[in-house]
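Chains, contacts and geometry: an overview
Chain by chain, the residues run as shown.
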Amino acid sequence: MQRRDFLKYSAALGVASALPLWSRAAFAAERPVLPIPNLLTPDARNQVQLVVQAGKTAFGPHNATTWGYNGNLLGPAISLRKGQALTVNIHNTLDEETTLHWHGLEVPGEVDGGPHGVITPGGKRSVTFTPDQRAATCWFHPHQHGKTGRQVAMGLAGLVLIEDDESRLLRLPKQWGIDDVPVIVQDKKFTADGQIDYQLDVMTAAVGWFGDTLLTNGALYPQHNAPKGWLRLRLLNGCNARSLNFAASDKRPLYVVASDGGLLAEPVNVTELPMLMGERFDVLVDISDGKPFDLITLPVSQMGMAVAPFDKPQPVLRIQPLLVTASGTLPDTLAAVPALPSLDGLTQRKLQLSMDPMLDMMGMQALMNKYGDQAMAGMHHGQSMGHMNMDHSKMGGMGHMNHGGGKGFDFHNANRINGQAFDMNTPMFAAQKGQYERWVISGEGDMMLHPFHIHGTQFRILSENGQAPAAHRSGWKDTVRVEGGVSEVLVKFEHDAPKEFAYMAHCHLLEHEDTGMMLGFTV
Ligand code: C2O
Ligand code: CU
Ligand code: CU
C-alpha cells in the first residue's frame, strides 16, 4: 500500500496520528525496508572510486530516471579517519557537467568541488586530501553553478563519516545500518509519467523546489528494525528547499549528540528538532521499551511548505525495536568543545542577502496561482504577504508586473548578496588564513528562510536570527539560519582557496543558490 492510499485510508478514519499503532500494523508488511547506503572505506592504497551515473529507481507507482554515485540513486557513505590521506577518483558518466563538493569538510579550495571544479561529461577528476577535523557526519553533492538544484533533485548526494580517536573511544552505537543508521530525508515531485518533475522557474527561484512525496534514503515511509536499547540516527536534511521539524510520533525525547561539524559537549534533549536544508544532526533515541514508533516531520512555517500533505505531520521512518539488545550507550559527556575566543578586534564582514522585489512578487503570485490558500497555510502572521502590505513600492511593482512589466524578467540573477548575484570570476573578498573572522549575515530584506552555508570551515554561531543559538546549535556548524533577521558566525579557515578554486558562501535553498545567492571568496 502506498503512502497516499494509507493517508486516504487514515483520513477516512480520522487523523492519522490519532490511530493507535496496532491498527496500522496491517500495513507493516507492505512497508519498504529502510535502504542503507554502502559503507565505503578507502582501499589499501587509500583510494575511493566514485562513478556519477544515471539509472532507474521505483518510487511507489513511479519509475523514474535517477542519478546516483556508484548506483542508481544517492551514494555510498564514505568512511574516513582523521589524519589519514585519501584520493577520490571521480568519473562523470553523465552527459552533462557536474562537480562534487565535500559539504562540511575543511579541505583546500582546489579539492573542495565548488562550481570551479567542473568534471566534463565522460571526464574524470581525482582529488587528494587529508581530513583534519573532528569526527562528524558530512555529505557530498554536486555544485554545478545554476544546476545544483536539479542535479541534487535527480538523486546525487552521499554521506561522509569522519571518525577520530575521541569518537572511537565513546561507546555510542556503532554498527552501521543496525544501531548506527543514516536517515537522508528529501522531498520529490513526479510527472504524470513518473519522472522527477524538476523546474527552475520564477516560482522555485523565489520559494524553492518542493514536492509532495517524502523519501527516506530514497524510500517512501520505510521501516527499520533495530536492536532494543540506544539507536543512533544520523539525520541529513537533503531537501532542495524544505526545512523539516523532526519528532517521535510518541513524543519520546531525541538526544542530540552531534551537529554539522562534530560532537556536542554533552547530549541535548529535545522533543522537536527543526533542521535546515544541508544540516546534519546525530541523535540517539532510547528504544529499550520495545515499542514501535515513527520518526515524523511536523509542519513548518516556511513559505509554500505547508502545501498538502505537509500541512499535517508526515511519517519519515517506522522504527521497530527487536528482541535482541543493542550495546551502545548515551554518554554523559561527549567531546571537548572550546569556549568561544575573544571577539575583540576581529575582522567583521557584512553579508546582506536579498531577493529582487520583482522576483519576490512574481514568485509569490505564481505560488498562489498554483496552490491557492494552501500556499500560505501555517504561516505566522506578518510572515507571509505581510511584507507586501507594508511595502507600497513593492505593491507598485506588482501592478507594474500585471501590466506586463514582469515579462522578460530574468530570475537567474535575481537573488543576491551585497547587491550582487554570484560571479564565478570575481571573488568578493579574501579571508585571512588561520584568523578568526566575524561574519554578520542579514536577511532583513525579506521574510524568506535562508540556510546560510560556508565552505572550508566549521564555525560557531554567535547569534542566530537575532537570538542566542539553541544548545544543540552552539557547537560546530557549517549552516546557520537567516530568516528576516541577522545571524553572526565566528569562522576560521585553515586551508588556501585561490581565485581559480574559490570557496563559496551561499544560501542552501538550492534554487536561491542557483539564481545568485552565492559568493566566492579566497583564503
Ligand atoms: Cu552543500 Cu556549497 O554546499
Ligand atoms: Cu558546502
Ligand atoms: Cu535563500
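Residues numbered from 1 in each chain as written. Chains lettered and ligands numbered in written order. Predicted model: local features only at pLDDT ≥ 70, side-chain atom pairs only at ≥ 80, totals over all residues. Heavy atoms only, no water.

- Under an unreviewed UniProt entry, the name given to the protein is Multicopper oxidase CueO, and the source organism is Silvania hatchlandensis.
- The UniProt entry for the protein carries this comment under Subcellular location (unreviewed entry): "Periplasm".
- You can read under Sequence similarities (unreviewed entry) in the UniProt record for the protein the words "Belongs to the multicopper oxidase family." (UniProt positions renumbered as here; feature names shortened; annotations may be inferred.)

1. Topic: the overall build of the protein
- Of the regular secondary structure elements, the protein holds 9 helices and 31 strands.
- Within the protein, the fraction of its 523 residues that count as buried is 59%.
- A fraction of 79% describes how many contacts in the protein between residues 6 or more apart in sequence connect residues 24 or more apart.
- Here the protein has roughly 19600 Å² of accessible surface; of this, 52% comes from carbon and sulfur atoms. (Helix = DSSP H or I, 4+ residues; strand = E, 2+ residues; numbered from the N terminus. Buried < 20%, exposed > 50% of the residue type's maximum accessible area, 1.4 Å probe, protein only. Contact = heavy atoms within 4.5 Å. Areas by Shrake-Rupley, 256 points an atom, 1.4 Å probe, with all protein chains shown as cover.)

2. Regarding the layout of surface pockets
- By volume, the second largest pocket amounts to about 450 Å³.
- Secondary-structure elements contributing two or more residues to the lining of the second largest pocket are β15 (244-248) and β18 (273-275).
- Looking at the lining of the second largest pocket, its residues break down into 11 nonpolar, 8 polar and 6 charged. (1 Å grid on protein atoms, 1.4 Å probe; cavity = no way out; pocket = protein on both sides within 12 Å on 5 of 7 lines; lining within 4 Å. Points joined across faces, edges and corners; volume = space filled by probe spheres on them. Nonpolar A, V, L, I, M, F, W, Y, C, P; charged D, E, K, R; others polar.)

3. Concerning the coordination of the copper ion (ligand 3)
- Protein-derived coordination of the copper ion (ligand 3) comes from H450 (ND1), C507 (SG) and H512 (ND1), at a distance range of 2.0 to 2.1 Å.
- Sequence positions of the residues that donate to the copper ion (ligand 3) give the spacing H-x56-C-x4-H. With H450 in strand β26 (residues 450-454) and H512 in helix α9 (residues 510-514), this residue pair connects regions lying 62 residues apart in the sequence. A single burial state applies to H450 and to H512, both of which are buried. (Donors = N, O, S within 2.8 Å, 3.2 Å for Na, K, Ca; no water.)

4. As for the pairing of strand β3 (residues 62-69)
- Most of β3 sits inside the fold, with 6 of its 8 residues counted as buried.
- Counting the residues in the hairpin turn of strand β2 (residues 47-59) and β3 gives 2 residues, including G60, whose phi is positive at 55°. (Pairing = 2+ DSSP bridges.)

5. Digging into the sheet that holds strand β29 (residues 486-491)
- With respect to topology, 5 strands assemble into an open sheet ordered β23-β22-β25-β29-β27, the strand pairing being mixed. Looking at which strands have only one partner, the edges of the open sheet turn out to be β23 (415-417) and β27 (460-463). When the angles between neighbouring strand axes are averaged without regard to direction, this sheet yields 25°.
- Two elements, strand β22 (residues 347-355) and strand β25 (residues 437-442), share 6 bridges in a ladder whose sense is parallel. Looking at β25, one finds that R349 is bridged to W439. (Axes fitted to C-alpha atoms, helices over the stretch in contact; angles between N-to-C directions.)

6. Re unusual backbone geometry
- In the segment running from A308 into P309, the intervening peptide bond is cis, with an omega of 5°.
- Looking at where P309 falls in the secondary structure, it is placed in the loop between β20 (293-297) and β21 (314-325).
- Here N70, not a glycine, exhibits a phi torsion of approximately 60°, which is positive.
- Of note, N70 is situated in the loop between β3 and β4 (77-81).
- For N70, a relative accessible area of 36% corresponds to the partly exposed category.

7. Concerning the pattern of salt bridges
- Inspection of the entire model under this criterion finds 25 salt bridges.
- Sharing partners across several salt bridges, the network here consists of D260, E279, R280, E464, R473, K477 and D478. (Salt bridge = Lys/Arg side-chain N within 4 Å of Asp/Glu carboxyl O.)

8. Some remarks on the coordination of the copper ion (ligand 2)
- Distances from the copper ion (ligand 2) to its protein donors, H101 (NE2) and H453 (NE2), fall at 1.9 Å. Placement of H101 in strand β6 (residues 101-103) and of H453 in strand β26 is noted, with a sequence separation of 352 residues between them. Judged on exposure class, the residue H101 and its partner H453 are both buried.

9. Quick notes on the pairing of β20
- For β20, the buried fraction is high: 5 of the 5 residues fall into the buried class.
- Pairing of β15 with β20, which is carried by 3 bridges, proceeds in the antiparallel orientation. Bridged to A248 within β20 is L295.
- Pairing analysis gives 5 bridges linking β20 to β21, with the strands arranged antiparallel. Residue pairing across strands places D294 opposite R318, the latter belonging to β21.

10. Things to note about the sheet that holds β18
- With respect to topology, 5 strands assemble into an open sheet ordered β13-β21-β20-β15-β18, the strand pairing being mixed. With one partner strand each, in any of the chains shown, β13 (223-228) and β18 form the two edges of the open sheet. With strand direction ignored, the average angle separating the axes of adjacent strands in the sheet is 25°.

11. Side note on helix α6 (residues 357-371)
- For α6, built from 15 residues, the straight-helix expectation of 21 Å at 1.5 Å per residue is met to within 8% by its first-to-last C-alpha distance of 21 Å.
- Those residues of α6 lying buried are M358, L359, D360, M361, M362, G363, M364 and L367.
- After α6 finishes, the residue G372 shows a positive phi value of roughly 60°. (Expected span 1.5 Å × (residues − 1).)

12. Brief notes about the nonpolar core
- With 51 residues, the main nonpolar core has V207, W439, F452, I454, V489, F493 and F521 as its most contacted residues.
- Beyond its immediate stretch of four places on either side in the chain, F493 contacts A431, K433, G434, W439, I454, H455, G456, T457, Y503, F521 and V523. (Core = buried A, V, L, I, M, F, W, Y, C linked by side-chain atoms within 4.5 Å.)

13. Some thoughts on the environment of Q314
- Examined against the element boundaries, Q314 turns out to sit in strand β21.
- Residue classification places Q314 among the buried positions, given a relative accessible area of 2%.
- Along the primary structure Q314 and D294 are separated by 20 residues, whereas in three dimensions their C-alpha atoms are 9.4 Å apart.
- A distance of 2.8 Å separates a polar side-chain atom of Q314 from the backbone oxygen of P309. (Polar contact = N/O pair within 3.5 Å; in protein donor to acceptor, adjacent residues only side chain to side chain.)

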